[in-house]
Amino acid sequence: MVGMVGAGQLARMTQQAAIALGIELRVLANSPDESAARVITQTVLGDYRDLDDLRAFAAGCDAVTFDHEHVPGEHIRALTEAGVVVHPGADALIYAQDKAVMRGRLTDIGVPCPAWAPVDSLSDVEGFAKENGWPVVLKAVRGGYDGRGVWVVGSPDAAAEVLKNGVELLAEAFVPFERELAVLVARSPHGQGVSYPVVETVQEDSICVEVIAPAPDLDAEDAAQAQKIALTIANELGVTGLLAVEMFQTKTGLMVNELAMRPHNSGHWTIEGARTSQFEQHLRAVLNLPLGSPTMTAPVVVMANLLGGPDPDIFRRYEHVLAHDPGIKLHFYGKEVRPGRKIGHVTALGTDLAEVRARAQHAVTCLRGPV
C-alpha cells in the first residue's frame, strides 16, 4: 500500500495508475469533498501539519509520498525515524519547499540559474538591481504556485510594496527567455533514472494553459542537455520519485527556474501520450520497482488545461466535444466549476502539430463556454 499525503487532482490521477498496477492507494485529505477523496475508498481525514495525524495515516503503508510539498520537514524526519519509508525524504524535499536553499544547492553543483540573492530590505533589493538591472523578480522563499508568491518589480517603489507583505524573499535577475521548457524525470531508491521528452509549457496570467510534447524545434543537443541537467539534479539532491524541472530557454542557453518533487502539470500528457504515465512512474519509483518506458505513443501530444468559465453546467458542451472529436481525451478533477479555476485537462495526439494543437484548443474553448 502507498500512502499519498494530499487529496487533490494529482492523487486522483495516481489512483488510476495504482489500480492497473494492483497497488492500494490511501490518501490523507483535509475534507471528504477533495478531488481524490471523492473516488478513493481508502481516504483518511486529517491535517498534514499534525504529526499524530501523519503517524496514524502512515501506519500499514509500504511507502508514503505526497501530492504537494507542504508537509513540514520535521514531521517527515519523525516518520522516517519511526521506520516509515517516505519518498522523497525531508533532505530532498527541502529543495522544493525552500527556494533559497534550492538556489544555493543548484549553484553549488553548477546548474545554470538566474543571478539571485536573499533580500530582506529595500536597500538589499536596490543593491541587487544595481548589479543585475531592473526589473527584479522577487519570490517568496516558501509557498507559492501558479505564479503566486512571485512579483516582477520595475522600481524601488514597487519593491517596497512587495516588502510590506512581510514574507521572506529572494531576488532573481529577470530572464529575457525565448520560451519555457520542462523536463520530467524519475529516480528510484537504488538510483535508476529515466527522463521523459522535453516539453514546452505555455503560460497565460502565470498559469500553464498548454503543454506540447516534444518541445517543437528544440535542437537535439539542447534537449539532451536539458535531460542531463534534470537527471543530475535528481541524483545530486537524492530525489526518489518524480522530479519536474522547469527551465527557461534563452539565447545563451538553458536556465533552471523551479523544481517540483511529485507528479506535475507539465506531465499530464503522459497518461495517454507515453508508454508509462507519470503517475505510474511515481508509484514504481517510491516502491523501488523497475521504472517504465517514457517513450511517447504518438509523434505529437498536446495537453491543454481546462479552466472554469462563467457557466458551471458543461454537460451539453461535453457531449459536443466527444462527438466532434472522438480522439480527444477528457480528464475532469471533480472540482466545483469557478471562473479561472483549473478543473480538468484535455489531451490530443497525432502527427501534425498545428492540427493537434487546434483540436486541443477547440475542446477546452468549447468546454469552458462563452466568456
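Quick caveat, the model's predicted, so the values are computed rather than measured.

Cut-off values and rules
Residues numbered from 1 in each chain as written. Predicted model: local features only at pLDDT ≥ 70, side-chain atom pairs only at ≥ 80, totals over all residues. Heavy atoms only, no water. Helix = DSSP H or I, 4+ residues; strand = E, 2+ residues; numbered from the N terminus. Expected span 1.5 Å × (residues − 1). Buried < 20%, exposed > 50% of the residue type's maximum accessible area, 1.4 Å probe, protein only. Arc of directions from axis to C-beta. Contact = heavy atoms within 4.5 Å. Polar contact = N/O pair within 3.5 Å; in protein donor to acceptor, adjacent residues only side chain to side chain. 1 Å grid on protein atoms, 1.4 Å probe; cavity = no way out; pocket = protein on both sides within 12 Å on 5 of 7 lines; lining within 4 Å. Points joined across faces, edges and corners; volume = space filled by probe spheres on them. Nonpolar A, V, L, I, M, F, W, Y, C, P; charged D, E, K, R; others polar. Phe/Tyr/Trp six-rings, centres within 6.5 Å; stacked < 30°, edge-to-face > 60°. Pairing = 2+ DSSP bridges. Axes fitted to C-alpha atoms, helices over the stretch in contact; angles between N-to-C directions.

1. Some thoughts on helix H8 (residues 220-236)
And then number 1: The terminal C-alpha atoms of H8 lie 24 Å apart, and with 17 residues this matches the ideal 24 Å at 1.5 Å per residue to within 8%.
And then number 2: Buried within H8 are the following residues: Ala223, Ala226, Ile229, Ala230, Ile233 and Ala234. Along the long axis of H8, the arc covered by the buried residues comes to 130°, so they all point the same way. Away from its buried face, by an angle of more than 90 degrees, H8 presents the exposed residues Ala220, Glu221 and Lys228.
And then number 3: Against helix H5 (99-108), strand E9 (179-187), strand E13 (241-250) and strand E14 (253-260) lie the buried residues of H8.
And then number 4: The residue sitting at the N-terminus of H8 and contributing the capping side-chain oxygen is Asp219; that oxygen lies 2.9 Å from the backbone nitrogen of Glu221.
And then number 5: Gly238 sits one or two residues past H8 and shows a positive phi near 70°.

2. Describing the layout of surface pockets
And then number 1: Empty space within the second largest pocket amounts to approximately 370 Å³.
And then number 2: Listed by contribution, the elements that provide at least two residues to the lining of the second largest pocket are strand E11 (199-204), strand E12 (207-213), strand E15 (300-307) and helix H12 (353-368).
And then number 3: When its residues are assigned to classes, the lining of the second largest pocket shows 8 nonpolar, 5 polar and 4 charged.

3. Looking at the packing of aromatic side chains
And then number 1: Overall, the coordinates contain 4 aromatic pairs when judged by the stated rule.
And then number 2: Pairing Phe177 with Phe248 gives two aromatic rings, centres 4.6 Å apart and planes at 5°, and the pair type is stacked. One end of the pair, Phe177, is in the loop between strand E8 (169-173) and E9; the other, Phe248, is in strand E13, and 71 residues separate them in sequence.
And then number 3: Judged by relative accessible area, which is 35%, Phe177 ranks as partly exposed.
And then number 4: Ring geometry for Tyr318 against Phe332: centres 5.6 Å apart, planes inclined by 50°, an arrangement best described as tilted. Taken together, the positions of Tyr318 in helix H11 (residues 315-324) and Phe332 in strand E16 (residues 329-332) put the pair 14 residues apart, joining distant regions of the chain.
And then number 5: Classification of Tyr318 as partly exposed rests on a relative accessible area of 28%.
And then number 6: Judged by its relative accessible area of 28%, Phe332 falls in the partly exposed class.
And then number 7: Cluster of aromatic residues (ring-pair linked, three or more members): Phe315, Tyr318 and Phe332.

4. Brief notes about helix H1 (residues 9-21)
And then number 1: Taking 1.5 Å of rise per residue, 13 residues should cover 18 Å, and H1 covers 19 Å from first to last C-alpha, within 8% of that figure.
And then number 2: Taken as a whole, H1 has its buried residues at Gln9, Leu10, Ala11, Arg12, Met13, Thr14, Gln15, Ala17 and Ala18.
And then number 3: Just past H1, the residue Gly22 takes up positive phi, approximately 75°.

5. Looking at the sheet that holds strand E6 (residues 136-140)
And then number 1: Spatial strand order, E5-E8-E6-E7: 4 strands in an open sheet with antiparallel pairing. Because the sheet does not close on itself, it has two edges, and the strands there are strand E5 (116-119) and strand E7 (150-153). In this sheet, neighbouring strand axes are inclined to one another by 25° on average, regardless of whether the strands run parallel or antiparallel.
And then number 2: Along the sheet, H5 contacts E5, E6 and E8; its crossing angle with E5, the most-contacted strand, is approximately 150°.

6. Notes on the sheet that holds strand E1 (residues 2-5)
And then number 1: Ordered by their spatial adjacency, 4 strands build an open sheet running E3-E2-E1-E4, and the pairing between neighbours is parallel. Looking at strand neighbours, the two that pair on one side only are strand E3 (43-45) and strand E4 (63-66), the edges of this open sheet. Strand-to-strand, the axes of this sheet are offset by a mean angle of 25°, without reference to chain direction.
And then number 2: The sheet contact formed by E1 and strand E2 (residues 25-29) spans 4 bridges and is parallel. Paired with Val2 across the bridge in E2 is Leu25.
And then number 3: With respect to the sheet, H1 is in contact with E1 and E2, its orientation differing from that of E2 by roughly 170°.
And then number 4: Sheet strands in contact with helix H2 (residues 51-58) are E1, E2, E3 and E4, and its direction is about 165° off that of E2.

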